[in-house]
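Chain by chain, the residues run as shown.
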Amino acid sequence: MTTTHEASRHGTTPAGDGRPTLEAPRVLGHVRAPGARRPGRPTVRYRRMPGLDGLRALAVAVVVAFHVAPATFPGGYVGVDVFFVLSGFLITTLLVREHRDRHHVGLRAFWARRARRLLPALVLVVAVCTAVAAVVGGDVLVGIGPQLLGAATFTSNWVDVASGATYSGALLPHLFGNLWSLAVEEQFYLLWPLAVVLLCAVRPLRRHAPWAAAGLALASVGLMALLYAPGTDPTRVYVGTDTHLFALMAGAALAFWHARPVTGPHGGDHDDAHALLPGGPRVRTPRGRLAVLVGGVAGAVVLVAAVATLRWDDALAYRGGLLVCAVAATAVLNAVVCLPGVGAQLDRGPLGWVGRRSYGLYLWHWPVLVLASATLGAVVGPVPPGAVHPAVVVVTLAVTVVAAALSFRYVERPVLRRGLRGAARDLARRLQPGPDDAASRALTRRGWALAGSCALVVGLCAAGVVNAPATTSVERQIAAGEQAARATQARPDAAAPAPQPDATEEPAPTEGDAIEEPAPAEADAPAETAPAVAPPGDQVTVVGDSVTLASAPALTAALPGAYVDGAVSRQVKDGPAALATARDAGALRPYVVVSLGTNSTANAASLDELLAAVGPGRRVVLVTGYADRPWVPGTNAEMVAAAERHPGVVVADWSAAVAADPAVLGPDGVHPTEAGTAAYAKVVVDGLTRAAGLGSSTG
């Protein structure tokens, strides 16, 4: 999240003696004048650039919309890239301007200003939401310790990568999953000033600074495309600082172009001392302004199209799509910089109000959404996977706006006006009793209430960390399923050989592959009239992913004696190896159930390879997958096509069963609930029943 400083309306004199001035400009940033003593407040204060608050408001609005209505705004996450572009532009401009004015950049002062802007609101959000999570309990506390560590060290993105968390919240959303972007920005704030000092100080590099930033952007997007693997979770390439640096660098390149680290022939003597851009925007001619306006409109159109269509897990996003969005955001920002009238209109009314509080809105909305979903889920009932109940949306938006407004008024703005120590002294004075009551009590009633509230929050945070469960309810369900699956593989009869083929049959191409056509359970009934029934469990092998594991107890109850082999994140391409393992164990039986439609794409060739690994003489049930992932519908369609191409193959439609009753899925929208596992087992048994009624097996 990009944030800026805002001065109080009652500022201080340039000498920093604390005397109120008649009027102080709203500011974007500040530096200390060369040779001056360390003042109570900075002496050089830059006016806020019109339009930036409006852009922040629009960016935070689409991010929140993406989280509360992902189906309607599938590309709303690009609002984060708009924030990155703004941050790259603002921070670089401030650093370049300071170097021009002072021939030096006060790095310690810069980092202190960043901490003063970011830390107070962040500490408040993390403390309050952790305390509430401790009261709610359960899954929202899973991983809270590492999350707090990431928040405290601004490494949340790398903590998520190391812990295997997914941005899409595949098992359960992390309480502070939105802090990854703040971590990327803080790492940028730590390292980029050093690069700016180098670019400004070394004469041959000055004129090429915009190209240096553009080159870093291209290197970052190239690394993103290189590391991205289609059909897999793209969290690493999305939240990585190295792979998502390009948006920050796009803004930095624009800043270098406008701010011009090389002083002009007059040495900057005629620059407006309070203007952030020395000498004003670079584009000044009517024709240039028209071109900038056209570029800004085109960029806005691109961003709107991306918000409406560009899914987070779409391969296009990682192969240039996000770069295009960053360039589009840069074009919009350039239009705002060069056309102050446009920016002034953006800052009017609600957009300006929201933009000034955008940092708090971004911080609060995600943990509030997670907590509201956890507390209201049992009340409002199930919703389709990937959707958020309207009641949860209303509560989330209301709490977020109120919390962000209170944080801005009572925490962020006082610290910006007075600094951390000054704001603390002001608060202490307000909470101390007057001279008449000083002898009888140490604090006012309001002071005791605040102190008690802080103590309660700290105690609840500690209790939450100590009592946090190690795994989510879904992970515990999967672990129980793994035990049930291992039990089926350890039974003495699990490795019993499959029935041998008749002597009249031709030899099988691979030893042990050709087996006898499985007979219906009631062999003495006429084949033409006997209704098909599911085969007994000792004739069934099940190979699947974590959905199969979560349902293993229900499968073994419905099919006693079945061989069940599941693995978390198993994909279609892993199926042949799993089938080979079952064959080597003598457990590849006449009926084979394959449930691998959740985690990856599949095409005709991969499914043909999978069915070839099953071998001839068997009947196969392909179970469709269900998840809010772009490849699932295509994989399911390929399964249907494979069943049409191959005799002895049927499709068990788990996707249709979920669509008919979304309540069978747990909170992650992928794995079935305990009751839903019975529905999953029923879908498998129905598929086996239809497979038993087929007139032929796989060839």
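Residues numbered from 1 in each chain as written. Predicted model: local features only at pLDDT ≥ 70, side-chain atom pairs only at ≥ 80, totals over all residues. Heavy atoms only, no water.

Enquirer: Could you clarify how one ought to interpret the overall build of the protein in this entry?
Expert: Along its length, the protein carries 25 helices and seven strands. Counting over 699 residues, the protein shows a buried share of 50%. Considering only residue pairs separated by 6 or more positions, the protein has 77% of its internal contacts joining residues 24 or more positions apart. Counting every atom, the protein has about 30,600 Å² of accessible surface; 63% of that belongs to carbon and sulfur. (Helix = DSSP H or I, 4+ residues; strand = E, 2+ residues; numbered from the N terminus. Buried < 20%, exposed > 50% of the residue type's maximum accessible area, 1.4 Å probe, protein only. Contact = heavy atoms within 4.5 Å. Areas by Shrake-Rupley, 256 points an atom, 1.4 Å probe, with all protein chains shown as cover.)

Enquirer: In this structure, what is going on with the pairing of strand β7 (residues 649-652)? I would like to understand it.
Expert: Regular strands place side chains that alternate from one sheet face to the opposite one. Residues Val-649 and Val-651 point to one face of β7 and Val-650 and Ala-652 to the other, with burial holding for every one of them. Strand direction decides the pairing type here: strand β6 (residues 619-623) and β7, joined by four bridges, are parallel. Paired with Leu-622 across the strands is Val-651, a residue of β7. (Pairing = 2+ DSSP bridges.)

Enquirer: I keep staring at the sheet that holds β6 and nothing clicks. Help me out?
Expert: Two orientations exist for strands paired in a sheet by backbone hydrogen bonds: parallel and antiparallel. The five strands are arranged β4-β3-β5-β6-β7 in an open sheet whose pairing can be described as parallel. The open sheet has two edge strands, β4 (563-566) and β7, and neither has a second partner. Strand-to-strand twist in this sheet, taken as the mean axis angle between neighbours without regard to direction, amounts to 15°. Relative to strand β5 (residues 591-595), strand β3 (residues 540-544) runs parallel, the two sharing five bridges. (Axes fitted to C-alpha atoms, helices over the stretch in contact; angles between N-to-C directions.)

Enquirer: Explain the packing of aromatic side chains here, please?
Expert: To describe a pair of aromatic rings, you give the distance between the ring centres and the angle between the ring planes. Tallying each qualifying case throughout the model produces twelve aromatic pairs. Considering the side-chain rings of Tyr-77 and Tyr-238, the 5.9 Å spacing of their centres and the 80° angle between planes classify their relative orientation as edge-to-face. Pair noted here: Tyr-77 is in the loop between α1 (52-68) and α2 (78-102) and Tyr-238 is in helix α9 (residues 235-239), with a separation of 161 residues, a long-range link. The interplanar angle of 20° and the centroid separation of 5.9 Å between the aromatic rings of Phe-188 and Trp-192 together place this pair among those described as stacked. Taken as a pair, Phe-188 and Trp-192 lie in helix α6 (residues 179-201) at a separation of four residues, close to a single helical turn. Linked through ring pairs, Phe-66, Tyr-77, Phe-84, Trp-180, Tyr-228, Tyr-238, Trp-312 and Tyr-318 together constitute an aromatic cluster. One Lys or Arg, Arg-114, reaches over the ring of Tyr-189 and ends 5.2 Å from the middle of that ring. (Phe/Tyr/Trp six-rings, centres within 6.5 Å; stacked < 30°, edge-to-face > 60°. Lys NZ or Arg CZ within 6 Å of the ring centre and 35° of its normal.)

Enquirer: Sorry, what's going on with the environment of Leu-52 here?
Expert: For Leu-52, the location among the structural elements is in helix α1. When its relative accessible area of 2% is taken as the criterion, Leu-52 is described as buried.

Enquirer: For this particular structure, what's the right way to read the pattern of salt bridges?
Expert: If you walk through the whole model with that rule in mind, you get 14 salt bridges. Two residues, Asp-426 and Arg-429, come together in a salt bridge whose shortest N-O distance is 2.2 Å. Placement of the pair is Asp-426 and Arg-429 together in helix α16 (residues 390-431), with a separation of three residues, close to one helical turn. Here Asp-426 falls in the buried class, since its relative accessible area comes to 16%. One salt-bridge network, in which partners are shared between bridges, spans Asp-53, Arg-56 and Arg-356. (Salt bridge = Lys/Arg side-chain N within 4 Å of Asp/Glu carboxyl O.)

Enquirer: Mind showing me how you'd approach α2 here?
Expert: In an α-helix, one turn spans 3.6 residues, which is why side chains three or four residues apart end up on the same side. An ideal rise of 1.5 Å per residue puts 36 Å on 25 residues; α2 measures up with 36 Å between its terminal C-alpha atoms. Within α2, 23 of the 25 residues are buried, which leaves the element mostly enclosed by the surrounding structure. A positive backbone phi angle near 55° is found at His-103, which sits one or two residues after α2. (Expected span 1.5 Å × (residues − 1).)

Enquirer: In this structure, what is going on with a nonpolar patch on the surface? I would like to understand it.
Expert: Where nonpolar side chains cluster on the molecular surface, the patch consists of Leu-290, Leu-293, Val-294, Val-297, Val-301 and Val-342 and spans about 510 Å² of accessible area. By residue number, the principal contributor to the nonpolar patch is helix α11 (residues 286-309), which donates five residues. Relative to the helices and strands, Val-297 is located in helix α11. (Patch = residues over 30% accessible without salt bridge, like charges linked within 9 Å, V, L, I, M, F, W, Y side chains within 5 Å.)

Enquirer: For this particular structure, what's the right way to read unusual backbone geometry?
Expert: The phi angle of most residues is negative, glycine excepted, and most peptide bonds adopt the trans form. The phi dihedral of His-103 is positive, around 55°, even though this residue is not glycine. Of note, His-103 is situated in the loop between α2 and α3 (107-136). Phi at Phe-154 is positive, roughly 55°, even though this residue is not glycine. By the element assignment, Phe-154 lies in the loop between α4 (144-153) and α5 (156-163). Judged by its relative accessible area of 15%, Phe-154 falls in the buried class.

Enquirer: Is there a simple way to think about helix α23 (residues 631-645) in this case?
Expert: The first and last C-alpha atoms of α23 sit 21 Å apart over 15 residues, in line with the 21 Å expected at 1.5 Å per residue. Every buried residue of α23 is accounted for by Trp-631, Val-632, Thr-635, Asn-636, Met-639, Ala-642 and Ala-643. Buried residues of α23, seen end-on, are gathered within an arc of 135° and therefore sit on one face of the element. Away from its buried face, by an angle of more than 90 degrees, α23 presents the exposed residues Pro-633 and Glu-644. Looking at the buried side of α23, the elements it contacts are α22 (604-614), β6, β7 and α24 (654-660). (Arc of directions from axis to C-beta.)

Enquirer: Sorry if this is basic, but what is going on with the side chain of Asp-160 here?
Expert: Its location among the elements puts Asp-160 in helix α5. Residues in contact with Asp-160, not counting those within four places in the same chain, are Ala-165, His-174, Gly-177 and Trp-180.

Enquirer: Before we go on, may I ask you to explain the pairing of β6 in this structure?
Expert: Burial analysis of β6 places five of its five residues in the buried class, which makes it a mostly covered element. Across the two faces of β6 the burial is the same, with Arg-619, Val-621 and Val-623 and Val-620 and Leu-622 all buried. Looking at chain direction, β5 and β6 are connected through four bridges and run parallel. The partner of Val-594 across the bridge, within β6, is Leu-622. Once you follow β5 into α22 and on to β6, the crossover reads as right-handed. A crossover connection joins β6 to the parallel β7 through α23; in handedness this β-α-β unit is right-handed. (Right-handed = clockwise from strand over helix to strand, strands pointing away.)

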